[in-house]
Number of protein chains: 2
Amino acid sequence: MKYVYDFTEGDRTMADLLGGKGANLAEMTRLGLPVPPGFTITTVACQAYLRDGREPAGMGPQVGTALAATESRARRRLGDADRPLLLSVRSGARYSMPGMMETVLNIGLNDASVVGLAAETGSERFAWDSYRRLIQMFGRTVLGIPAERFEHALDAVKARAGAQVDVDLTAADLRGLVDDYRGIVIDQTGHEFPMDPYVQLDLAIRAVFDSWNTDRARIYRRQERIAEDLGTAVNVCTMVFGNRGEDSGTGVAFTRDPATGAPGVYGDWLPNAQGEDVVAGIRNTQTLADLQEQLPAVHAELLTIMGTLESHYRDLCDIEFTVEGGRLWMLQTRVGKRTAAAAFRIATQLVGEGLITLDEALERVTGQQLIQLMFPTFQPGSQRTLLARGIPASPGAAVGVIAFTAAEAIARAANGERPVLVRRETTPDDLAGMVASVAILTSRGGKTSHAAVVARGMGTTAVCGAEELEIDPAAGEVRSRSGALLRAGDMVSVDGTTGEVFLGEVPVMPSSVVRYFDGEITPADGEAGDIVDAVDILVRHADSVRRMAVRANADTAEDAARARRMGAAGIGLARTEHMFLGSRRVLIERLILATDDATREAALAALLPLQVGDVTELLEAMDGYPVVIRLIDPPLHEFLPDRTELAVRVARAEERGLTGAQVDADRLLLAAVERVSEHNPMMGMRGVRLGLQVPGLFGMQVRAIAEATAALLSQGRRPHPEIMVPLVATVAELEPVRREAVAIIADVAARTGMSLQIPLGTMIELPRAALTAQRIARAADFFSFGTNDLTQTTWGFSRDDVEAEFVGDYLERGILGTSPFETLDVHGVGELVRIACERGRSTRADIGLGVCGEHGGDPASIAFFDAVGLDYVSCSPFRVPVARLEAGRVALRGVAVSESR
Amino acid sequence: MKYVYDFTEGDRTMADLLGGKGANLAEMTRLGLPVPPGFTITTVACQAYLRDGREPAGMGPQVGTALAATESRARRRLGDADRPLLLSVRSGARYSMPGMMETVLNIGLNDASVVGLAAETGSERFAWDSYRRLIQMFGRTVLGIPAERFEHALDAVKARAGAQVDVDLTAADLRGLVDDYRGIVIDQTGHEFPMDPYVQLDLAIRAVFDSWNTDRARIYRRQERIAEDLGTAVNVCTMVFGNRGEDSGTGVAFTRDPATGAPGVYGDWLPNAQGEDVVAGIRNTQTLADLQEQLPAVHAELLTIMGTLESHYRDLCDIEFTVEGGRLWMLQTRVGKRTAAAAFRIATQLVGEGLITLDEALERVTGQQLIQLMFPTFQPGSQRTLLARGIPASPGAAVGVIAFTAAEAIARAANGERPVLVRRETTPDDLAGMVASVAILTSRGGKTSHAAVVARGMGTTAVCGAEELEIDPAAGEVRSRSGALLRAGDMVSVDGTTGEVFLGEVPVMPSSVVRYFDGEITPADGEAGDIVDAVDILVRHADSVRRMAVRANADTAEDAARARRMGAAGIGLARTEHMFLGSRRVLIERLILATDDATREAALAALLPLQVGDVTELLEAMDGYPVVIRLIDPPLHEFLPDRTELAVRVARAEERGLTGAQVDADRLLLAAVERVSEHNPMMGMRGVRLGLQVPGLFGMQVRAIAEATAALLSQGRRPHPEIMVPLVATVAELEPVRREAVAIIADVAARTGMSLQIPLGTMIELPRAALTAQRIARAADFFSFGTNDLTQTTWGFSRDDVEAEFVGDYLERGILGTSPFETLDVHGVGELVRIACERGRSTRADIGLGVCGEHGGDPASIAFFDAVGLDYVSCSPFRVPVARLEAGRVALRGVAVSESR
């Protein structure tokens, strides 16, 4: 088994084995770019080490061989007193885990080679500084000595020497510091700091292996959903020094602007410095233009190399480089991260430049990125004062007035203000206040905090964990680190996409992408032009390659029209219960509470023409496209007053001795509410159960659909309604509904002389429906997965309760990788979807299959829906372009089901 | 294809094809018993007829051939003017559907053959009476003429003749009546009554086929869960007449007493009568002793035949016979229905007589029958006055005082009385009153009415549809048909097993079978002896053949001890939340509502020793047997006051201006209750979710179990606890619980020096747990299916809500064949159980598998649990003997999964 690869042996396809960094170092070496000699120890070696507690047999000698080759190419020898080879030992996993694992630099220095280094570089100070850095880094990382022990010793030397900063220390000071450090090592470990550079190397490699399993690395992986068993590769590389004078330096660069996507190189340069110094931020970085001025040859070489890399990788690359004594060295490259806007722009630019195809461009962008582009943002270039920076927890841009309690937020909202709820952290008690607010801002917690989870669930802008803010609800104050003091009612602007919070009102700009889809602007309009153009090109290309259709969930003609503009090819879910709100609520209330036929029939008769109107509007707005109309699935509690509130009102009236029509009405209503009140309304008298129980209700709706269709047909329109029955658990519930519907449609067809072809199908939103899909398919022309309810019943979670109570806690602990209400739980809920598709098709090979739960618009879930072969996804109109894009992407990728825990 | 079988051609194994009656007529013919000649048309012919709307090709000629053979054996010819053959045409399906389908007698009479019949029998009156009966029966059944048309004509003739009863009519009267009847036929159908006996026969056969699909037959099949597509056979048989004088007659008989199981023949005899007369109940029947006196040779022959049949069928047989002119004819036999007690007695008697084996005896009894024997009954032979008879809706015997409203029942119960809720029918509003009552009595509705479904769910005695009662709640009266008048507070006795309701108090006798298992009596004690003996023999035999173990659900040492007496080999579910009720409630309340660590830890510290005591008692009571202890799964609302009631109390106190400690406490409690109140508590903060949320709660319980176990081990006892985690949806919830438990158990083991082997497993009670069982099995030593909750989530039903609201309605409509809370829904919930077993075993081949939902004690569900390979079922102590018996029966039958819709 080969555990060690020289940089000359690998390539970029070997990232699983060599890690991302190692594979790209090998690729650059292969391209003939100036990479310092070195080698990579594989992830397989790491896996074996972590499993068995020791290096796999054979790894040691392979390291020896690779080391010899490195020495030979570098023309240096490890531990040599003349030309010592110094090595960096860095982690490099398959997926980037920035800052999570360990690095040891300057391996190879000891009492002998430090002399050689001093002689060679002509700088004793440099040599001893490098030596003390080795002991410090090695001591902390390899030997586990608390960092502050070294820091205290450094401070003590500085105090003795009267030095303000490190660079004020002399070679002698540093030499003394090396002695102090070695004392600390003996004190803490009982052993001398190892003089043998081979021992240093071995221990450093082990320390990198071990660092895979630190707590912070584990937590990071859980959050980023990186598998636990991958392990890290270890890159052992000849040290190059950017801190050896004015003809040295270090930098990072991008082949295009990763923020905007603008073409042309872009980067930071710091002369006479090491990479660490850039990270430490001691000095301000310069630009690549400065490099061009200072070292024109190096700059020219760098630009050539960057051109080579971009052509080779055919994508934006970022690089790290060091210049040592006028010589350029490449230390890292990779395909660079970028903003959503940059992703779309770069992808289409590269197509324009002939570097990639449209298919490839489509794979370079994600639905998640498109979502980001569809939120409003703050006007670019507008005046703004940063108040604080936190974690971007729920995207969007919102402006409002500070409220410190849920009650205050509710009161301000009632008063017509737009409250921003500002709290240290939120709890389930704050829920009503969160609903009333335009944004949420907390000083504690991250993306999985209660505030973040609930805000995302509601689509409300949120910034969490803005730790610079000191929030004092009792005093009604919030104070920033910079000293700003704000009180309740003060205006703030919250950017949930970037995590920034600004003082006062920053002008909000609607998404140009949304305005484009809404037909308000065209690609030709102004500066938004090229991003709109890029989105347009890629969404249209997605349309040309995708297998699945995209429909929208829309209950009104207005929503339907918007859905059309967004590119929906039909409606996948029109909820008729929403048609019963407003002024019609009294009719449905009467219907639900009716105890006699006359009352019920009168209510139904009054509803029929209204319902015909509703359906007609929808079908007109979607003329020529399918419209799935779900028969009423009333959440009774939404139609009726709260039992406790009503009981309290009645009790208070009684205590006050009040009488009269209102009190009597309240008392009657309370009795009725108590009659229909349920312990678990989610699992009670809903959907088809209610339809079977209330005579004539479903029938009225079916008649309305049939009559609207017949009338439109007679006008030469092309209505395509589909009737959907909610909450079916057994085919025996569906059969009578189907029988009644078929009879009513036949009756309307006979009376109007129109030929009515109206498919009838069912929601699959209960586990039992999925499990018995082969039976249900006998009575259903199509299935539509209601993944919201299916998630609730499969998990035994009520979303109303658990999102506020413990989904956040579960995400924090890594019990959930993502909320199953945001992204489809593939193993549980997805398994039921898979089973239902399979069994449904076994009965009716051509059964229609779609999804209308919120997951229909979730990019991470769409791949699964494609893989199980759904005909369409249906989502909110706003998400339709996202679904179109993502459906195209998955069609290119082929079957690839995302994994969840 | 052979559609017609002569009685000489079939046998009893052919019931699918010939129906039950036809197969047994053939069997008796084969045995050489005196069966009138005839033939059977198969169910396959019926199926074809019903499918195609006409007889299958070839059936007609086969009927002709069979008819010729019958004529030949009977030495008569159809329509003959001298010795006319008369035929009966009767339905005979695979499963008995008494009274559901049609029969036509006396086929073959017409204006010619009636003369022959008169001459042959010497009775013109008999001949014309037979003729008019044919037209009447044929007219109604075959021609669909309303029965009252013929009854009015009969009444008119009787009036003209001054006759009181039919037998007063003369031959001339009857001849006139035949003319009247034929007029009615022409009037109603436009055609003459068919004179051609072949036409009569064909039309009668079709009428029987058609009668498979009458509404009442459909409803009956739905209720009895008989498949719709079986169809009926038709038996065409030579008529024999029991009404031809004193040496004729008709009777039914049993080879043993079907009520008690006592050996010796038992039957009814009616001289000079047809079977119809017995049914009509015009004359009182006599006994077989009377037959012996009147016709000793016939009686002797009958006894010989009955002996033959019992030896041949090796079981209790019932028979129908007719004697015509001193000659005995067998018209039907079948294995007879019997009471539960008779089933057990007869089965063991037949073993004693060497007719059957113990295995066969075990197959002759059912768990459902054993359940019946375990309810209390009214003292046999005690004085009683029947008030009414209704449908036995929920078994048991209960005595109490009449309450006409739910409120009254609640008030009486609060007053220490035992109310019997008497209503026309119940609605969900009556639920609280039903809970407060010892029995429920309604005048409307059947086994699937709301009252019946809810009563069975609660285990409360109920009689429904006692139509003889006129209930007037407004007047506070109930009146029986016999004229008895009762008022609220009057005493009644309700027998839910028989459907009888008695005036006043009838002494209740506890079940002797239960007393036997409880060790209160032995088989040697008195008259209960032989039933106890029979149950004992068969349950023990079941023990010797069954594969599955039987455990009990028991929360207390008392329950555990009872479970042991009932034969439980361990506890499958000990609910620790029930240990937190009573005086400890305050501790758990404090724990749930705690907002600071100190309060919570104090509550936990106080609970630990109590919990150690609870566990110790349980383990002691089940020494040597496994005890599955479920970590707390608190239904929060059971521990806390009702939100609405509390809010009303606070509001009233505020309105009255009350202040003080109580009001303050109420206000605080209300705030806390509102904090934890949930929209759908079934799907909220429960089970492992709460365990992960409340630090130390599960840990305290695990510690209690470990400490109790260590202490018992040190005393030389054999404790076998198993720890069960509730409501797990993902292995990621189980893993941290397991890690904590392992650490605590190791700690206790180390501190006590005891070796603690405590398996840790999980409930499978959410669809997701079943679907991801292969993952969950990584952290679970065993699964226990919580089929109650699994049914709720799979169907999206909350039992609290739907049993009262619509399960009854669904049963009435046939949407449900049985409540999924009574008998496992094999297709939905069972599918998840099957999937979980399969996937769980794929990860851990030896994973323990059991069920602890109420279905564990349901006879109809146990076969399924055996088929999927569970190791044990766990049920209430009372059901343990039933589960033992049923587990033995299914072991004999092998894999046989019951079907549900």
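Counting secondary structure elements, chain A contains 36 helices and 33 strands. Expressed along its principal axes, the backbone C-alpha trace of chain A runs to roughly 105 × 65 × 55 Å. Buried positions account for 57% of the 901 residues belonging to chain A. Within chain A, contacts between residues at least 6 apart in sequence are counted, and of these 68% link residues at least 24 apart. Split by element, the accessible area of chain A, about 34800 Å² in all, is 50% carbon and sulfur.

The next point concerns the pattern of salt bridges. All names here are of chain A. This model, assessed by the stated rule, comprises 142 salt bridges over all chains. Between Arg-334 and Asp-318 there is a salt bridge; the shortest N-O distance is 3.3 Å. You can see Arg-334 sitting in strand 12 (residues 327-335) and its partner Asp-318 sitting in strand 11 (residues 317-324), a full 16 residues away along the chain. For Asp-318, a relative accessible area of 9% translates into the label buried.

Before going further, it helps to spend a moment on the sheet that holds strand 5 (residues 87-93) of chain B. Where strands meet in a sheet, backbone hydrogen bonds hold them as pairs that are either parallel or antiparallel. Residue and element names in this part refer to chain B. The five strands lie next to each other as 1-2-7-5-6, forming an open sheet whose pairing is antiparallel. This sheet does not close on itself; its edge strands, each paired only once, are strand 1 (4-6) and strand 6 (103-107). Across the sheet, the mean angle separating the axes of adjacent strands is 20° when strand polarity is ignored. Sheet topology places strand 5 next to strand 6; three bridges connect them, and they run antiparallel. Bridged to Leu-87 within strand 6 is Ile-107.

We now examine the packing of aromatic side chains. Residue and element names in this part refer to chain A. One pass over the structure, following the stated rule, counts 26 aromatic pairs over all chains. With centroids separated by 5.6 Å and ring planes inclined at 40°, the aromatic side chains of Trp-128 and Tyr-131 adopt a geometry described as tilted. Residue Trp-128 and its partner Tyr-131 are located together in helix 5 (residues 124-141), separated by three residues, close to a single helical turn. Taken together, a centroid distance of 5.4 Å and an interplanar angle of 85° make the contact between Phe-138 and Phe-193 edge-to-face.

This next bit is on the relation of the copies chain B and chain A. It takes a turn of 180° to lay chain B on chain A, together with a shift of 0.0 Å along the axis; the resulting RMSD is 0.2 Å. What we have between these two chains is a two-fold relation. When you check the interface residues of chain B against chain A, 100% turn up at the interface there too, and the contact is symmetric in its surfaces.

All names here are of chain B. Strand order in this open sheet of three strands is 20-21-22, and the pairing throughout is antiparallel. The two strands at the open ends of the sheet, each matched to only one other strand, are strand 20 (470-472) and strand 22 (485-487). On average, adjacent strands in this sheet sit at an angle of 15° to one another, irrespective of strand direction. Relative to strand 21 (residues 477-479), strand 20 runs antiparallel, the two sharing three bridges. Paired with Glu-470 across the strands is Arg-479, a residue of strand 21.

Turning to the interface of chain B and chain A, a few remarks are in order. Each side of the interface is counted separately: chain B has 62 residues, and chain A has 62 residues. Both faces combined, the contact of chain B with chain A buries some 5700 Å², and carbon together with sulfur accounts for 51% of it. Where chain B packs against chain A, one counts twelve salt bridges. Residue Arg-652 of chain B is joined to Glu-655 of chain A by a salt bridge in which the shortest nitrogen-to-oxygen separation is 2.9 Å. Where chain B packs against chain A, one counts 31 residue pairs in polar contact (both at pLDDT 80 or more). Put simply, the parts of the chain that give the side of chain B that touches chain A at least two residues each are helix 25 (643-655), helix 27 (687-693), helix 29 (731-752), helix 30 (767-771), helix 32 (787-795), helix 33 (799-813) and helix 34 (829-843) of chain B. Taken together, the residues of the side of chain B that touches chain A break down into 22 nonpolar, 15 polar and 25 charged.

For the rest of this paragraph, the subject is the environment of Val-35 of chain A. Residue and element names in this part refer to chain A. Along the chain, Val-35 falls in the loop between helix 1 (15-30) and strand 2 (38-41). Overall, Val-35 belongs to the buried group, its relative accessible area being 10%. For the pair Val-35 and Trp-329, spaced 294 residues apart in the sequence, the C-alpha separation amounts to 5.6 Å. Setting aside residues no more than four positions away along its own chain, Val-35 makes contact with Phe-7, Leu-25, Met-28, Thr-29, Trp-329 and Met-330.

Our next topic: the pairing of strand 8 (residues 249-256) of chain B. All names here are of chain B. The buried fraction of strand 8 is high, at seven of eight residues. With seven bridges connecting them, strand 8 and strand 9 (residues 263-271) associate as antiparallel partners. Residue pairing across strands places Val-252 opposite Asp-268, the latter belonging to strand 9.

All names here are of chain A. Relative to the 22 Å expected for 16 residues at 1.5 Å per residue, helix 3 (residues 59-74) spans 22 Å between its end C-alpha atoms, a close match to the ideal helical length. Every buried residue belonging to helix 3 is among Met-59, Val-63, Ala-66, Leu-67, Thr-70, Glu-71 and Ala-74, and all of these are buried. In a view along the axis of helix 3, the buried residues occupy a sector of 145°, so they form one face of it. Projecting away from the buried face of helix 3 at angles above 90 degrees are the exposed residues Pro-61, Thr-65 and Ser-72.

The next thing to look at is the side chain of Thr-772 of chain A. Within the element layout of this structure, Thr-772 of chain A appears in the loop between helix 30 (767-771) and helix 31 (773-776). The class for Thr-772 of chain A is buried, based on a relative accessible area of 1%. In this structure the side chain of Thr-772 of chain A is engaged in a polar contact, spanning 2.8 Å, whose partner is the backbone oxygen of Arg-768 of chain A. Residues within four places of Thr-772 of chain A in sequence aside, it is in contact with Ala-729 of chain A together with His-827 and Gly-828 of chain B.

Here we come to the environment of Met-100 of chain B. All names here are of chain B. If you trace the backbone, Met-100 turns up in the loop between strand 5 and strand 6. Distance from Met-100 to Leu-618, taken between C-alpha atoms, is 54 Å for residues 518 residues apart in sequence. When residues no more than four places from it in sequence are discounted, the contact partners of Met-100 are Ser-211, Thr-214, Arg-216, Ala-217 and Tyr-220.

Conventions used here
- Residues numbered from 1 in each chain as written.
- Chains lettered and ligands numbered in written order.
- Predicted model: local features only at pLDDT ≥ 70, side-chain atom pairs only at ≥ 80, totals over all residues.
- Heavy atoms only, no water.
- Helix = DSSP H or I, 4+ residues; strand = E, 2+ residues; numbered from the N terminus.
- Buried < 20%, exposed > 50% of the residue type's maximum accessible area, 1.4 Å probe, protein only.
- Contact = heavy atoms within 4.5 Å.
- Areas by Shrake-Rupley, 256 points an atom, 1.4 Å probe, with all protein chains shown as cover.
- Salt bridge = Lys/Arg side-chain N within 4 Å of Asp/Glu carboxyl O.
- Pairing = 2+ DSSP bridges.
- Axes fitted to C-alpha atoms, helices over the stretch in contact; angles between N-to-C directions.
- Phe/Tyr/Trp six-rings, centres within 6.5 Å; stacked < 30°, edge-to-face > 60°.
- Least-squares fit on C-alpha atoms with pLDDT ≥ 70 in both.
- Buried area = accessible area lost by both parts, 1.4 Å probe.
- Polar contact = N/O pair within 3.5 Å; in protein donor to acceptor, adjacent residues only side chain to side chain.
- Nonpolar A, V, L, I, M, F, W, Y, C, P; charged D, E, K, R; others polar.
- Expected span 1.5 Å × (residues − 1).
- Arc of directions from axis to C-beta.

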